[in-house]
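Per-entry structural report
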Amino acid sequence: MSNDVGHEIAEALGILLRRTTRAQLHKKLTEGMGEAVDELTYPVLSALARIGPHSAAELAPDVGLDRSGVTRRASRLEAAGLVRREPDPTDRRAHLLVLTEQGEHAVEELRSRLAAHIMASVSSWAPGEAEAFARNLRRFTLEGPFA
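Figured I'd write up the structure that's included with this text. Remember, predicted model here, so these are calculated numbers, not experimental data.

1. Remarks on a nonpolar patch on the surface
Taken together, Leu-16, Leu-17 and Phe-146 make up a surface patch of nonpolar side chains, about 330 Å² in accessible area. Checked against the element boundaries, Leu-16 lands in helix H1 (residues 3–17). Assessed through its relative accessible area of 55%, Leu-16 is described here as exposed.

2. A look at the side chain of Thr-41
Among the secondary structure elements, Thr-41 is positioned in the loop between helix H2 (19–30) and helix H3 (42–51). In this structure Thr-41 comes out as buried when scored by relative accessible area, which is 0%. Among the polar contacts made by the side chain of Thr-41, one reaches the main-chain amide nitrogen of Asp-38 at a distance of 3.0 Å. When neighbours within four sequence positions are excluded, Thr-41 is seen to be in contact with Ala-36, Arg-73, Arg-76 and Leu-77.

3. A short note on the pattern of salt bridges
In a structure, side chains of opposite charge can pair up when their charged atoms sit close to one another. According to the stated counting rule, one finds seven salt bridges in the structure shown. A salt bridge links Glu-78 to Arg-85, with the nearest nitrogen and oxygen atoms 2.2 Å apart. A relative accessible area of 33% means that Glu-78 is categorised as partly exposed. Taking relative accessible area as the criterion, Arg-85 reaches 29% and is therefore assigned partly exposed. Across the pair Arg-84 and Glu-86 runs a salt bridge, and its minimum N-O distance is 2.7 Å. You can call Arg-84 partly exposed: its relative accessible area is 36%.

Conventions used here
- Residues numbered from 1 in each chain as written.
- Predicted model: local features only at pLDDT ≥ 70, side-chain atom pairs only at ≥ 80, totals over all residues.
- Heavy atoms only, no water.
- Patch = residues over 30% accessible without salt bridge, like charges linked within 9 Å, V, L, I, M, F, W, Y side chains within 5 Å.
- Areas by Shrake-Rupley, 256 points an atom, 1.4 Å probe, with all protein chains shown as cover.
- Salt bridge = Lys/Arg side-chain N within 4 Å of Asp/Glu carboxyl O.
- Helix = DSSP H or I, 4+ residues; strand = E, 2+ residues; numbered from the N terminus.
- Buried < 20%, exposed > 50% of the residue type's maximum accessible area, 1.4 Å probe, protein only.
- Polar contact = N/O pair within 3.5 Å; in protein donor to acceptor, adjacent residues only side chain to side chain.
- Contact = heavy atoms within 4.5 Å.

Structure follows, in structure tokens:
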């Protein structure tokens with residue numbers, strides 16, 4: 001396999017990983033979800049759904065923010081009833097951020113919107129291409145340089 005393919009993949013990943021690319025997608029997905037759910041709070045909701053209850057400090061690297069940035073966003077989500085704080089059983093000084101039932105419903109809606117957006121993007125692909133892409137992308141994430 002030519003190194004040109006590696007360059008092509010790296011260039012595509014660079015576009016996907018840009019913060020502005022993600023923010024634009026998150027803004028589109030969160031339209032009409034309420035004042036607290038926007039492109040800034042989306043990563044916090046998504047991370048909590050993916051990895052479960054964590055402190056703001058623990059969540060920060062996954063979200064790409066510092067602890068105070070996560071705390072500010074979590075406060076907005078808490079005020080909207082989407083997140084609650086619970087005492088950390090392993091550290092009396094810390095609190096865990098936990099999705100509420102309403103927060104879980106919001107995440108389900110966001111994931112549904114994302115899946116529909118993705119499917120609309122690949123709807124013109126030849127039969128089987130989207131499925132092959134999904135399998136290969138999963139394999140790449142499990143076996144590739146990000147594993």
